2 protein chains.
Amino acid sequence: MQLRKTRASFSSRTTMADVARDVGVSAITVSRALRTPETVSEALRTRIAEACDRLGYVPSRVASALASARSMTISVLIPSLSNIVFIDVIVGIKETLDRLGYQMLMGITGYDDPGAEERLLRRHLEFAPDGILLTGADQSEAVRALLKSFAVPSVHMMDDCAWPECWWVGFSNFDAGAAAGRHLLANGRRRVAIVAAQLDPRSVRRCDGCRAALVEAGCYDPALDLRLPQPSSIALGAEVTAGLVARNPECDGVFFCNDDLAHGALFWCGQQGIAVPQRLAMIGFHDLSASAWTPTPLTTVETPRARIGRDAALLLTRRIADPAMPPQHIDHGFQLIRRASA
Amino acid sequence: MQLRKTRASFSSRTTMADVARDVGVSAITVSRALRTPETVSEALRTRIAEACDRLGYVPSRVASALASARSMTISVLIPSLSNIVFIDVIVGIKETLDRLGYQMLMGITGYDDPGAEERLLRRHLEFAPDGILLTGADQSEAVRALLKSFAVPSVHMMDDCAWPECWWVGFSNFDAGAAAGRHLLANGRRRVAIVAAQLDPRSVRRCDGCRAALVEAGCYDPALDLRLPQPSSIALGAEVTAGLVARNPECDGVFFCNDDLAHGALFWCGQQGIAVPQRLAMIGFHDLSASAWTPTPLTTVETPRARIGRDAALLLTRRIADPAMPPQHIDHGFQLIRRASA
DNA sequence: CGCCCCTTTGTTAGCGCTAACATCGCGCGT
DNA sequence: ACGCGCGATGTTAGCGCTAACAAAGGGGCG
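Residues numbered from 1 in each chain as written. Chains lettered and ligands numbered in written order. Predicted model: local features only at pLDDT ≥ 70, side-chain atom pairs only at ≥ 80, totals over all residues. Heavy atoms only, no water.

Some remarks on the relation of the copies chain A and chain B
Then comes step 1: Turning chain A through 180° and shifting it by 0.0 Å along the axis lays it on chain B, with an RMSD of 0.1 Å. What the rotation and shift describe, once combined, is the action of a two-fold rotation axis.
Then comes step 2: When you check the interface residues of chain A against chain B, 100% turn up at the interface there too, and the contact is symmetric in its surfaces. (Least-squares fit on C-alpha atoms with pLDDT ≥ 70 in both. Contact = heavy atoms within 4.5 Å.)

Quick notes on the protein's contact with DNA strand D
Then comes step 1: The environment of DNA strand D is formed by 28 residues, the closest being A:Met16, A:Ser31, A:Tyr57, B:Thr29 and B:Arg32.
Then comes step 2: Sugar and phosphate atoms constitute 64% of the interface atoms of DNA strand D, taking the interface as everything within 4 Å of the protein.
Then comes step 3: Residue B:Thr29 places a side-chain N or O atom 2.6 Å away from a phosphate oxygen belonging to DNA strand D.
Then comes step 4: If you list the elements that add at least two residues to the surface near DNA strand D, you get helix H2 (27-35) and helix H4 (61-68) of chain A together with helix H2 (27-35) and helix H4 (61-68) of chain B.
Then comes step 5: Looking at the surface near DNA strand D element by element, the count peaks at four residues for H4(A).
Then comes step 6: For the surface near DNA strand D, the per-class residue count stands at 12 nonpolar, nine polar and seven charged. (Near = heavy atom within 4 Å. Polar contact = N/O pair within 3.5 Å; in protein donor to acceptor, adjacent residues only side chain to side chain. Helix = DSSP H or I, 4+ residues; strand = E, 2+ residues; numbered from the N terminus. Nonpolar A, V, L, I, M, F, W, Y, C, P; charged D, E, K, R; others polar.)

Considering the packing of aromatic side chains
Residues and elements named next belong to chain A.
Then comes step 1: Summed over all chains, the structure comprises four aromatic pairs over all chains.
Then comes step 2: With 6.4 Å between their ring centres and 80° between their planes, Phe255 and Phe285 make a pair best called edge-to-face. Pair noted here: Phe255 is in strand S8 (residues 253-256) and Phe285 is in the loop between strand S9 (281-283) and strand S10 (300-302), with a separation of 30 residues, a long-range link. No difference in accessibility class separates Phe255 from Phe285, as the two residues are buried. (Phe/Tyr/Trp six-rings, centres within 6.5 Å; stacked < 30°, edge-to-face > 60°. Buried < 20%, exposed > 50% of the residue type's maximum accessible area, 1.4 Å probe, protein only.)

Digging into the sheet that holds strand S8 (residues 253-256) of chain B
Residues and elements named next belong to chain B.
Then comes step 1: If you walk across this open sheet you meet the four strands as S7-S6-S8-S9, and the pairing is parallel. Both outer strands of the open sheet, strand S7 (225-227) and strand S9 (281-283), are each paired with one neighbouring strand and no more. Averaged over neighbouring strand pairs, the angle between their axes works out to 15° when direction is ignored.
Then comes step 2: Here three bridges tie S8 to S9, and the two strands are oriented parallel to one another. Bridge pairing links Val254 to Met282 in S9.
Then comes step 3: In the packing of helix H9 (residues 201-216) onto the sheet, the strands contacted are strand S6 (192-196), S7 and S8, and the crossing angle to S6 comes to about 170°.
Then comes step 4: Across the sheet, helix H10 (residues 234-247) lies against S6, S7 and S8, angled at about 150° from S8, the strand it touches most. (Pairing = 2+ DSSP bridges. Axes fitted to C-alpha atoms, helices over the stretch in contact; angles between N-to-C directions.)

Observations concerning the domain arrangement of chain A
Residues and elements named next belong to chain A.
Then comes step 1: By the assigned domains, chain A splits into domain 1 (16-59), domain 2 (72-171 + 306-332) and domain 3 (173-302).
Then comes step 2: For domain 2 and domain 3, the distance between their C-alpha centroids amounts to 29 Å.
Then comes step 3: Contact residues are listed per partner, giving 12 residues for domain 2 and 10 residues for domain 3.
Then comes step 4: Roughly 930 Å² of surface becomes buried between domain 2 and domain 3 when both sides are summed, with 59% attributable to carbon and sulfur atoms. (Domains from an automatic or database assignment. Buried area = accessible area lost by both parts, 1.4 Å probe.)

What follows is the structure, encoded as structure tokens:
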């Protein structure tokens with residue numbers, strides 16, 4: 001008889017072997033009763049279920065993951081939590097993953113550090129996720145190499161991607177920006193400013209789209225094309241609008257790359273008595289819930305964020321289940337929401 | 001020679017054994033070089049680090065978790081993602097956990113189903129988290145029993161708790177509500193309404209606090225004490241204020257159990273030309289970023305959400321490291337933010 | 001009646017790592 | 001010269017589960 005100390009275990013929890021012993025079968029039968037009930041006779045299945053209940057058995061996904069090479073976790077990499085846009089995406093993702101029994105591991109890349117996504121990915125790979133959801137399709141070479149060498153299925157969210165091998169669920173930020181620009185033009189605006197903050201690739205692409213629309217109409221003015229590196233906020237929107245009106249009094253319309261900035265602009269115009277849209281029309285991006293409630297309700301581009309999250313997660317789990325599946329792309333589009341501001 | 005198929009493994013990744021073979025040492029030495037570098041000679045340590053790099057070795061936390069009974073994950077149970085308040089808490093939690101190398105597993109309990117938290121906890125226990133962060137201290141008996149039987153350390157967030165064994169980081173919702181009530185009274189208001197939506201225990205407690213303040217001042221009127229089961233939103237705030245003004249024209253002040261409702265009320269008053277605070281004073285709760293930007297800036301109670309998340313996570317990891325530690329409570333308080341609305 | 005196939009259960013051997021104990025060699029004090 | 005302590009490395013076993021193969025029993029069919 002050894003006197004060797006028993007080694008640490010997860011709080012000496014009830015194991016599958018305990019349940020098996022209790023019922024008088026082998027562990028694999030318990031395993032099957034839980035995972036593939038149809039392969040176990042009904043009588044046994046009932047006795048096993050009863051024993052699990054009675055003993056308070058909670059299966060260990062850690063052991064299961066090691067044995068089956070399926071961790072039942074999905075890593076989700078997003079740039080920020082402070083941006084409600086990504087929260088909506090997460091809500092959609094969780095809806096799908098909860099239903100399918102996956103857990104979500106979340107990683108925040110930030111906007112500034114170009115190497116952050118790779119470091120984060122490496123950290124997440126330690127947890128052996130069954131798949132990865134990425135924001136945008138502008139990943140670095142290092143990130144793509146890691147994904148490939150670890151053979152982790154991935155799906156990109158919130159933008160489109162020209163590369164046919166890329167799995168993505170999103171919409172064209174370029175087209176959405178262009179639609180916003182054309183709407184301002186259709187409103188008779190000729191001196192249109194473009195305001196972008198937090199220069200992530202998707203904001204840049206929608207500004208590109210808006211710019212293209214202005215160029216096409218022959219009224220693009222680089223002096224009205226503002227790029228701010230700071231994080232987007234209501235306060236920044238107010239500040240930048242004040243500067244814009246002071247320096248470019250002829251400006252008669254603004255495309256803001258997101259709604260927060262537009263909210264700040266609207267509040268500031270309200271305080272200053274600047275008539276929106278008569279004097280200055282404006283259009284935002286994403287249609288946040290407050291956009292229907294600003295002093296002048298905000299015309300904006302609605303993006304189906306929760307649907308994108310939901311479908312990206314669904315697509316990813318399908319890809320995990322069938323590695324031979326050909327690449328899929330889902331374009332969920334966008335919708336111009338016409339309110340009073342433009 | 002067996003022809004048995006090799007079993008599934010995590011995409012045939014490089015293992016610790018591969019690194020050990022490459023360097024010409026045993027696996028345990030590699031393990032030590034990574035986890036407790038000071039126990040391995042410097043020469044070996046360098047060669048091991050070099051081999052890890054060259055082979056692209058990423059340690060498997062799944063195997064590590066099984067062997068060491070430490071999963072390096074923390075489960076966080078919150079009621080909702082749509083409520084920005086909890087996002088702020090999550091931001092704080094992630095700040096701490098990222099620094100300490102933990103991963104976060106997130107569970108959403110919702111507001112309605114009383115059994116949801118227990119089911120969710122059970123699901124999370126399958127992943128063998130090293131600790132659990134819970135919202136509030138009103139858990140069901142079943143939840144407390146599960147936590148006890150699995151011996152998972154936990155810390156409660158966002159409220160205080162009278163029970164001395166309970167570890168918590170938060171503030172007194174009751175006191176915060178009372179402070180809001182007293183502020184309205186100090187503004188000379190005598191016909192004060194209390195409006196609560198999404199009746200979670202913390203909202204209820206802050207309304208209790210406000211009510212106590214009104215009772216103490218001898219001006220509590222049950223007809224002005226509104227409890228709405230619906231989810232809180234800007235639209236609901238507008239709607240309920242319209243009803244309140246119509247039915248109770250004498251009402252001169254309102255305590256809203258959160259800022260969203262107050263925003264809706266302010267927008268509605270702006271549209272209707274109702275003077276805030278002259279005709280109707282109002283005070284919100286949580287100090288969301290938009291509260292400084294409403295038509296009339298909102299007086300509200302600031303809650304240190306990110307700090308609570310950060311410190312709750314820190315406390316939890318300390319409790320994990322030292323199971324003998326006595327229960328800790330951190331009261332981060334709250335702060336009345338005086339703006340124009342009251 | 002024997003054969004085959006299908007359903008149901010079991011045996012064996014890991015998945016990749018780490019706890020616990022074992023061992024080895026070196027410097028030091030006496 | 002000897003033993004002791006200590007730092008550095010190794011051996012063994014096992015965490016709790018599941019893949020792969022094995023086997024037993026029953027039923028259908030020529």
